[in-house]
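# Working through the structure, step by step
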Amino acid sequence: MALLQISEPDQISEPHHRNIAIGIDLGTTNSLVATVKSGIATVLKDYNQNELTPSVVHYASNKITVGHEALQFRTTDPKNTMISAKRFMGLDVDLTSKNPVKVSSDILSHLKQIAIDSLGETPIGAVITVPAYFDDNQRQATKQAAEIAGLNVLRLLNEPTAAAIAYGLENTESGTFLVYDLGGGTFDVSILSLNKGVFEVLAVNGDTHLGGDDFDKLIYDFIINKIGVSPISDIEEATLMIASRNIKEALSMEESSKVNCKLNNTLYSLEITQNDFWDLSKSLLNKTLMLVKKALRDAKLTINDINQIILVGGSTRMTNLRRLLHDCFHKPPLTSLNPDTVVALGAAIQADNLAGNRNDELLLLDVTPLSLGLETMGGLAQKIIPRNSTIPVTRAQDFTTYKDGQTAMTIHILQGERELVDDCRSLAKFSLKGIPPMTAGVAKIRVTFQIDADGLLSVSAVEQNTGVMSSIEVKPSFGLTPEQITSMLNESIKYAKDDINTRLFNEAKIDAISLVEAIEQALQTDHELLTNNEEQQILLLIRQIKTQIEGINPKPLLEDNAQSPRTILKQLSIRLNEVTSGFASKRMNKAIKAGLSGKKIEEI
Ligand code: ADP
Ligand code: MG
């Protein structure tokens, strides 16, 4: 998802009072809360001086435990210990007491309490970070979790943007930055470009199942292999897994590390060096580089175009990873900020900004990754908000009824770049009912799409003559991964020509159908104005048009040439228009005569 930075009108703040606001990095593995104190972004510590809160919640019958204290239950009571809830945000899971929104809200409540204890007052609001690829539903779920936790959400902010803010990169003239985020279980790469104070995300890529845990597993397998003994119980397995993680983390500081583990009642001791770890991890690290290169390709950039590499996520402390990135980009990555805290710090700066404590600062806004629109006649997708629109954004378009006396209308909301409804992602449907019966084309239905600053979509439809209205907040049923977004974009490019031809055909078809329907109706009332010959000619053309429409399969591959079904259909419609032009003027004369005889035109 791309980002833009725009300036916001000056906000007035009182000289001596600061509104305290917090930034929260709600992570898959670890979460943090930070604030700006005396102008400096600072992570808030819990009563044990911990900066990181493991994103783990244990549910006992009468007690909820969050964070470090919940960690022990992963081995003793795994069934009631919820980990990695973020992975499931926005998915339709059954609403038990331990659904991802509830788990996240319990983590957020805990972080809020850390903030209150540390600051001595309740913050006025919070900025919460989300992955750049989170869709409406995942953002909606995050916001909901925050509201349940009693937090006033100032804004949801993309994680890579937060990292860039923490490094103060918006203060540089211009540049292209790569944000490499390797957390506990996920990998995200984003490419940001900065130009005259405006940030834009050029590309995102990643792997939702690649992170620090996989490196732990490499060491775990290495140990079992070396000593030739496997854990015999779940507890032994979990203990060895934790030991493996400790070794991995130690190897970021030391040349080698020793593991002592008790397996099957025997004590084993083993030394692991940075070189051992390098050999083990090479292929996983290269896999992340492949994804980095993919993102560069998507952004149409090369390694030399990147001015800075920003490291995010605890796993980027691994020395082997830093070395690999240094070699690959021919320059060292930025490491002056702590990679576990950089996102929370950026969120705190943004929160401080939104709380009105700075009046010279810039605000960051996002853009939509995929177009949003609705279904129109003939199974066509009409785009309302094009992809890459800066948010918040409101766009409206007017539609009308297709049939006489139509009293209801279904609004089918779509996401994607393709021309046909079937090729787009269906987000939601709602209906506008109670439209008073009117002639086709008279009703004026204004459909408004609105995406707020957090990327949440709401759609409303109002019949302008009567004020009848209906609206919906969009909660799509499944989240999209970065791969899905990329593949939807790729398909739209691949099928662009077919899509346009199909759209043109469908439009020609809709025009032809409404022309035919209008003429058939006129024939019913006024066929006596025509000679038999004229009437036969019209009926023949109508039959030809109908045959032409019926003979086409619903998704034809159409070349647009003289023989194409669209061209034939268009020519038939033009012919029908010509042949009936005399008929139309005769009907007009009849109407005028009736008018002169004392009737109103509308009554005819
Ligand atoms: P998330 O964004 O998924 O919540 P974090 O950014 O907190 O995750 O990263 C957690 C991961 O970072 C874990 O896999 C942890 O083992 C790893 N990690 C933390 N410190 C180090 C270190 N010193 N060396 C290597 N990996 C580390
Ligand atoms: Mg993270």
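Just above, that's the structure.
Residues numbered from 1 in each chain as written. Chains lettered and ligands numbered in written order. Predicted model: local features only at pLDDT ≥ 70, side-chain atom pairs only at ≥ 80, totals over all residues. Heavy atoms only, no water.

Once that is clear, we can look at the overall build of the protein. Along the backbone of the protein there are 15 helices and 25 strands. Within the span of the protein, comprising 604 residues, buried residues form 51% of the whole. A sequence separation of at least 24 residues applies to 67% of the contacts in the protein between residues at least 6 apart. Of the roughly 28,600 Å² of accessible surface on the protein, a fraction of 51% belongs to carbon and sulfur atoms. (Helix = DSSP H or I, 4+ residues; strand = E, 2+ residues; numbered from the N terminus. Buried < 20%, exposed > 50% of the residue type's maximum accessible area, 1.4 Å probe, protein only. Contact = heavy atoms within 4.5 Å. Areas by Shrake-Rupley, 256 points an atom, 1.4 Å probe, with all protein chains shown as cover.)

So, on to the site of ligand 1. Close contacts around ligand 1 come from 16 residues, with Thr-29, Asn-30, Lys-248, Glu-249 and Ser-252 the closest. Between ligand 1 and Gly-184, the relevant distance is 3.0 Å, taken from an oxygen atom to a main-chain nitrogen or oxygen of the residue. The contact in question runs from an oxygen atom of ligand 1 to an N or O atom on the side chain of Glu-249, over 2.7 Å. With the chains in place, 90% of the 580 Å² that ligand 1 exposes on its own is no longer accessible. No other element matches helix α7 (residues 234–250), which puts three residues into the shell around ligand 1. (Near = heavy atom within 4 Å. Polar contact = N/O pair within 3.5 Å; in protein donor to acceptor, adjacent residues only side chain to side chain.)

Let's shift gears to the nonpolar core. Residues Leu-178, Tyr-180 and Ile-223 are the most contacted members of the largest nonpolar core, which totals 45 residues. When residues of this core are assigned to their parent elements, the largest contribution, nine residues, is made by helix α8 (residues 274–298). Taken domain by domain, the makeup of this core includes at least three residues from each of domain 1 (21–212 + 280–366) and domain 2 (213–279). Among residues more than four places away in sequence, those in contact with Ile-223 are Leu-240, Ser-244, Val-259, Cys-261, Leu-270 and Ile-272. (Core = buried A, V, L, I, M, F, W, Y, C linked by side-chain atoms within 4.5 Å. Domains from an automatic or database assignment.)

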